[in-house]
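# Geometric and topological summary
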Amino acid sequence: MTILDLISRNATSRPDETALIELAPSRNHRRSITWQEFDSRINQLANALAAGGIGPGGKVIHLMMNSIDWLVGYFAILRTGAWAVPLNFRFTSRDILYCAGIAEADVMILGEEFAERVEQARPGLKIKRYIFAGQSEPAGMESFSRLLDSSPADPLNLEPGPEDICGLYFTSGTTGDPKPIVLTHKNLMCAAVTEQRHHRQAPGDNFILLPPLYHTGAKMHWFGSLMSGSRATILTEINPKNILDAIHSERGTIVWLLVPWAQDILGALDRGELRLEDYDLSCLRLMHIGAQPVPPSLVKRWKQYFPGVAYDTNYGLSESTGPGCVHLGVENEHKVGAIGRAGYGWSTRIVDEAGKDVEPGEVGELLVKGAGVMKEYYKNPARTAQAIRDGWLYTGDMAREDADGFIFLVDRKKDLIITGGENIFPVEVEEVISAHPKVYDVAAIGVKDERLGEIVAVVIDPQPGTELTEQEITRYCEENLPRYKRPRLIFFDKVPRNPTGKIEKPVLRARYN
C-alpha cells in the first residue's frame, strides 16, 4: 500500500466526508473539499500531466503556497509515477534555478506568488511546460484550473511500488546550496504509519495544518490524517488570533506549532490581546512541537493556559522523511526537555567518532534507523555513503541518553542555525555578504533568541579605508537574501580565524551570545 492508496480508499469508504478545509481569514475565504472530490481532482491533473508526457521517472518542480491545490498538485505528480520536487516558497530566483538544474525537470507547477521570481530565472531554466495556478497566466504557461476542468477523472493505470522513487526534496547542505534528498513511497508510508501510531488520529479528528507543505515536517504529520480518513484545516494566514479562531470554528483537535507560534499565542494571552473565554477550545486534545529545541519553560506556560491539552515533542529531519524517528510521547510530559525515545518502527543509537555506542550520559552523534531513512542524496554516492552506514542514518546532531532511555540534544555537529524552525547554514549568509564591495571578511553565527530559538548575527570586517554602515548591509541583504536568512544583528569587528584559516565560530558565539 502507498499514500496514493490511502486517498483512493478514503474516497471510496467516506466519499462525502470533508477531507480538507482551506482558510484565509483576511479574505473571508473558506473552501472545503470531500475525499471523493479530492481524489477526482488529483486524477484530473494526473491525466493532464500524463497527456503531456509526464510518467514514471519524470520530475515536476512544485512551487506553490499552502492550499488544497498544493496537495492536489503533489499527489497528481505522484499518480503519474513521476517525482515531485517541492521547493521552499522562500527560495530566490537563484535558488529556483539551482534546484531546477539539479532536478532536470521538464515541468513546473507554480502559484501566482512566484511568477516574478520564475520569470527572472526562466532564461536559464530548461523547463518545457509551465502550469500556472492563479489568474492571468503569463505567456507560455497553462492554466492549472482549466487543465483540471478539461481532463477526465479516470484513474491512471499505474501502481507504484514501495521502493519506487516519488520525491526529490531539497535541504540546506554544508556548501550553503540546497542538497537533494531522494524519497520513496516506502518512506512516505513509514511517516504515515508512525504519525498515526504516535498521535492516534481517528475519523473525528481535525488537524490544524500551519507549517509549509513543501517541508517534510507538516505534511508528514498530516499523513496520519490520511491513515484515519480524518479532516485537516489548512490555515494560510498565521497569527495567534487566526490559530485560535480556526480551532474554535472548525473544531480543531490537533495543532502542530513551531516555538515562535506557541510563544506568540502565549504572549497575546499574557497581554490580554486574546481571551480564552472568547473561544470554545474544548475540542483541542493535542498540541505538539518540532523542528527546533523546545524550552521546557514554554511547555510549562502552555500547560497553565491549556491544562487539559496533551503535549508532545517530535524530532526528525528531511533525511528521515520528516518527524517521528524520535518522539517524546504524550505520556512523558515529565520528560519535557528531551526529544524522546525511538519512534514507532525506529531504532536509535548514540555513538562516538569511531562509531561505537557511548554509555548513558555521554555525548555522541545521534543515529536513527527505520523505513523512513531516505534512499540517497541525489547523484551523490559519496555523501550518501557518509550519511548512511549499515542502514543507520548519521544525523549530525550531538546527543546524550539518560538512564531512562530518553534522548536529549546537546549541540549540533556543524554550525547550523535554526531560526523559527528553518535551517540556515552560516556559509549561505557569508557568501552573499562577502560579495559586497566594502566587505573584507564576514562570519555568521546563531545567537540565542527567546522567540525564534536563534537569530542570525553577522560579524563584518570592512575593507580597509572604507566606511560601512549597518543600514547599507541591511539594504544589501534585503535585496540578496530571503527574509528568514537575513541577519537580525550586525556587528563590525575583526573575524577571528585559526592558523588554517577557518573561522573560530566558538569564539564568536561566546563573545556575542
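Our subject in this report is the structure included herewith. The structure presented is a predicted model; accordingly, all values stated were derived computationally and were not measured.

## Here we look at the environment of Asp352
Structurally, the position occupied by Asp352 is in the loop between strand S17 (347-351) and strand S18 (364-369). In this structure the C-alpha to C-alpha distance between Asp352 and Glu365, which are 13 residues apart in sequence, comes to 6.4 Å.

## A few points about the environment of Asp264
With respect to the helices and strands, the residue Asp264 is situated in helix H10 (residues 259-270). As for Asp264 and Ile77, which are separated by 187 residues in sequence, their C-alpha atoms are 36 Å apart. In contact with Asp264, not counting residues within four places along its chain, are Pro240 and Arg451. At 2.5 Å, the side chain of Asp264 forms a polar contact with the side chain of Arg451.

## With respect to the sheet that holds strand S27 (residues 489-492)
Within a sheet, adjacent strands bond to each other through the backbone by hydrogen bonds, running parallel or antiparallel. Strand order in the open sheet formed by three strands is S25-S26-S27, with mixed pairing between adjacent strands. Of all the strands in the sheet, the pair left with one neighbour each is strand S25 (439-449) and S27. Here the average twist between neighbouring strands, direction ignored, is 25 degrees. Inspection of the sheet shows strand S26 (residues 453-462) paired to S27 by four bridges, in the parallel sense. If you follow Val459 over to S27, its bridge partner there is Phe491. Packed on one face of the sheet, helix H13 (residues 426-433) meets S25 and S26 and runs near 145 degrees to S25. Here helix H15 (residues 505-512) sits on the sheet in contact with S25, S26 and S27, set at roughly 60 degrees to S25.

## Thoughts on the side chain of Thr384
Examined against the element boundaries, Thr384 turns out to sit in helix H12 (residues 381-387). Beyond its immediate stretch of four places on either side in the chain, Thr384 contacts Lys375, Glu376 and Tyr377.

## Focus: the side chain of Glu195
Relative to the helices and strands, Glu195 is located in helix H7 (residues 185-199). One buried charged residue, Glu195, forms no salt bridge at all, with the nearest opposite charge on Arg285 at 7.7 Å.

## Thoughts on the packing of aromatic side chains
Applying the stated criterion across every chain yields a total of eleven aromatic pairs. Joined through ring pairs, the aromatic side chains of Trp35, Phe38, Trp70, Tyr74, Phe75, Trp222 and Phe223 make up one cluster. The ring of Tyr74 carries the charged tip of Lys219 above its face, separated from the ring centre by 5.0 Å.

Quick notes on the rules
Numbering of residues starts from 1 in each chain and follows the order in which that chain's sequence is written. Only residues with pLDDT of 70 or above have their local features reported here, since the model is predicted, and side-chain atom pairs are shown and tallied only from 80 upward, although totals for entire chains, interfaces and linings are computed over all residues. The basis for the side-chain values is all heavy atoms of the structure; hydrogens and waters are excluded. Helix and strand assignments come from DSSP, with helices taken as H or I runs of at least 4 residues and strands as E runs of at least 2, each series counted from the N terminus. Residue contacts are defined here by distance: any two heavy atoms, one from each residue, within 4.5 Å place the two residues in contact. In protein, a polar contact means a hydrogen-donor-capable atom and an acceptor-capable atom, both N or O and within 3.5 Å, with residues adjacent in sequence counting only if both atoms are side-chain atoms; elsewhere, any N or O pair within 3.5 Å suffices. The rule for pairing is simple: two strands pair if DSSP sees at least two bridges between them. Under this scheme, a helix contributes an axis fitted over its contacting stretch, all axes are lines through C-alpha atoms, and angles between N-to-C directions fall in the 0 to 180 degree range. Buried residues are those whose accessible area, probed at 1.4 Å on protein chains only, stays under 20% of the maximum for their type, while exposed residues exceed 50% and partly exposed ones sit between those limits. Here the positive residues are Lys and Arg and the negative ones are Asp and Glu; neither His nor the chain ends is included. Any carboxyl oxygen of Asp or Glu that lies within 4 Å of a side-chain nitrogen of Lys or Arg is treated as forming a salt bridge with it. Working definition: a ring pair exists when centres of Phe, Tyr or Trp rings (six-membered ring for Trp) sit within 6.5 Å. Plane angles under 30 degrees give stacked, over 60 give edge-to-face, the rest tilted. A ring is considered to have a charge above it if a Lys NZ or an Arg CZ atom is located within 6 Å of its centre and within 35 degrees of its normal.

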